[in-house]
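Next come the chains, spelled out residue by residue.
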Amino acid sequence: DAKTTQPPSMDCAEGRAANLPCNHSTISGNEYVYWYRQIHSQGPQYIIHGLKNNETNEMASLIITEDRKSSTLILPHATLRDTAVYYCGGGSNYKLTFGKGTLLTVNP
Amino acid sequence: DTGVSQDPRHKITKRGQNVTFRCDPISEHNRLYWYRQTLGQGPEFLTYFQNEAQLEKSRLLSDRFSAERPKGSFSTLEIQRTEQGDSAMYLCASSLSDIYGYTFGSGTRLTVV
């Protein structure tokens with residue numbers, strides 16, 4: 001299982017880009033990198049995932065290093081509603097392995 | 001599509017009692033998962049169903065835990081003889097396949113007193 005390391009907390013100003021790092025040096029070759037976020041008292045919400053290439057969707061961009069040992073989630077224009085715990089994890093086939101997450105606080 | 005529904009949202013039980021949680025996945029999703037989350041931690045995988053077949057169980061799932069998914073629709077997770085260490089948020093998720101992200105429910109928060 002992929003072991004992930006994330007900073008426990010980060011701050012970001014509203015309207016600025018939020019860049020959340022994740023180390024996943026033990027991720028195996030067939031495991032995707034997944035990002036989810038969790039707002040208090042709700043279930044985790046899927047954001048984005050990727051295998052090797054960088055990915056972008058309507059929520060965020062995912063930058064994966066060439067050696068796949070780390071990745072960065074980018075929220076291009078953070079809003080107050082993006083305040084949440086962001087989890088990076090590895091997964092394949094059926095199982096996701098989550099770390100402890102980063103509490104992102106978006107400040108006005 | 002109403003998302004993944006879990007019932008109840010909260011459950012308080014005395015140690016030693018049995019509890020059962022229900023999960024209703026998104027109707028067209030054939031994969032269903034149970035995870036457990038304790039305070040300050042990310043979710044931990046418990047078990048996985050594809051249709052009605054339970055294909056994988058974590059070592060975290062002791063003999064006191066059992067999960068079913070009759071007819072490949074809703075699922076139940078039962079904990080027998082609950083212990084205080086079972087206190088956690090129990091999350092259910094569903095998906096179409098492994099290349100798509102899960103959709104999680106809001107969870108059932110279990111408190112064992």
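Here, the structure is the one placed above.
In this report, we go over the structure that sits alongside the text. (Residues numbered from 1 in each chain as written. Chains lettered and ligands numbered in written order. Predicted model: local features only at pLDDT ≥ 70, side-chain atom pairs only at ≥ 80, totals over all residues. Heavy atoms only, no water.)

### Quick word on the overall build of chain B
Regarding its fold elements, chain B presents zero helices and eleven strands. Along chain B, helices and strands appear, N-terminal first, in the series β-β-β-β-β-β-β-β-β-β-β. Taking 2.2 N^0.38 as the reference for a compact globule, 113 residues should give roughly 13 Å; the C-alpha atoms of chain B span a radius of gyration of 13 Å, in line with that estimate. Oriented by its inertia axes, the alpha-carbon framework of chain B measures out at about 40 × 25 × 20 Å. Evaluated residue by residue, chain B yields a buried proportion of 48% over its 113 residues. In chain B, once contacts between residues fewer than 6 apart in sequence are set aside, the share between residues at least 24 apart is 53%. Element-wise, carbon and sulfur atoms account for 44% of the exposed surface of chain B, whose accessible area totals about 5,700 Å². The distance from the centre of the 14 positive side-chain charges to the centre of the 13 negative ones in chain B is 7 Å. (Helix = DSSP H or I, 4+ residues; strand = E, 2+ residues; numbered from the N terminus. Rg over C-alpha atoms; globule rule 2.2 N^0.38 Å. Buried < 20%, exposed > 50% of the residue type's maximum accessible area, 1.4 Å probe, protein only. Contact = heavy atoms within 4.5 Å. Areas by Shrake-Rupley, 256 points an atom, 1.4 Å probe, with all protein chains shown as cover. Lys, Arg positive; Asp, Glu negative; His and termini not counted. Charge placed at Lys NZ, Arg CZ, Asp CG, Glu CD.)

### Some details on the nonpolar core
Counting 21 residues, the largest nonpolar core has Trp35(A), Leu73(A), Tyr86(A) and Leu104(A) as its most contacted members. Where this core is concerned, the elements lending two or more residues are strand S2 (18–23), strand S3 (32–38), strand S4 (45–50), strand S6 (61–64), strand S7 (70–75), strand S8 (84–92) and strand S10 (102–107) of chain A. Of all hydrophobic cores here, the second largest spans 19 residues; its members include Leu46(B), Ala67(B), Tyr90(B) and Cys92(B). (Core = buried A, V, L, I, M, F, W, Y, C linked by side-chain atoms within 4.5 Å.)

### Some points on the packing of aromatic side chains
Summed over the entire model, instances satisfying the criterion amount to 19 aromatic pairs over all chains. Ring geometry for Tyr94(A) versus Tyr48(B): centroids 5.0 Å apart, planes at 5°, classification stacked. Placement of the pair is Tyr94(A) in the loop between S8 and strand S9 (95–98) and Tyr48(B) in strand S5 (residues 44–50), with the two residues belonging to separate chains. Between Arg22(B) and the ring centre of Phe74(B), over which it is positioned, the NZ or CZ distance is 3.9 Å. (Phe/Tyr/Trp six-rings, centres within 6.5 Å; stacked < 30°, edge-to-face > 60°. Lys NZ or Arg CZ within 6 Å of the ring centre and 35° of its normal.)

### Considerations on the state of the cysteines
Taken as a whole and judged by the stated rule, the model has two disulfides over all chains. Cys22(A) shares a disulfide with Cys88(A); S-S distance 2.0 Å. Between Cys22(A) and Cys88(A), the S-S torsion sits near -75°, and that sign places the bridge as left-handed. Of this pair, Cys22(A) sits in strand S2 while Cys88(A) sits in strand S8; the two residues are 66 residues apart in sequence, bridging distant segments of the chain. Here Cys22(A) matches Cys88(A) in class, with each residue buried. The disulfide partner of Cys23(B) is Cys92(B), and the S-S distance across this bridge is 1.9 Å. The chirality of the disulfide connecting Cys23(B) with Cys92(B) is left-handed, given an S-S dihedral of about -70°. (Disulfide = S-S within 2.5 Å.)

### Things to note about the pairing of S10(A)
All names here are of chain A. The side-chain alternation of S10 yields one buried face, formed by Thr102, Leu104 and Val106, and one unburied face, formed by Leu103, Thr105 and Asn107. With five bridges connecting them, strand S1 (residues 9–13) and S10 associate as parallel partners. The residue bridging Ala13 from the neighbouring strand is Asn107, located in S10. As judged from the three bridges shared by S8 and S10, these two strands associate in the antiparallel manner. Counterpart to Tyr86 in the pairing with S10 is Thr102. (Pairing = 2+ DSSP bridges.)

### Describing unusual backbone geometry
Residue and element names in this part refer to chain B. With an omega of -5°, the peptide bond running from Asp7 to Pro8 counts as cis. Note that Pro8 resides in the loop between strand S1 (5–7) and strand S2 (10–13). Phi is positive for Asn51, which is not a glycine, with a value near 55°. Tracing the backbone shows Asn51 in the loop between S5 and strand S6 (53–57).

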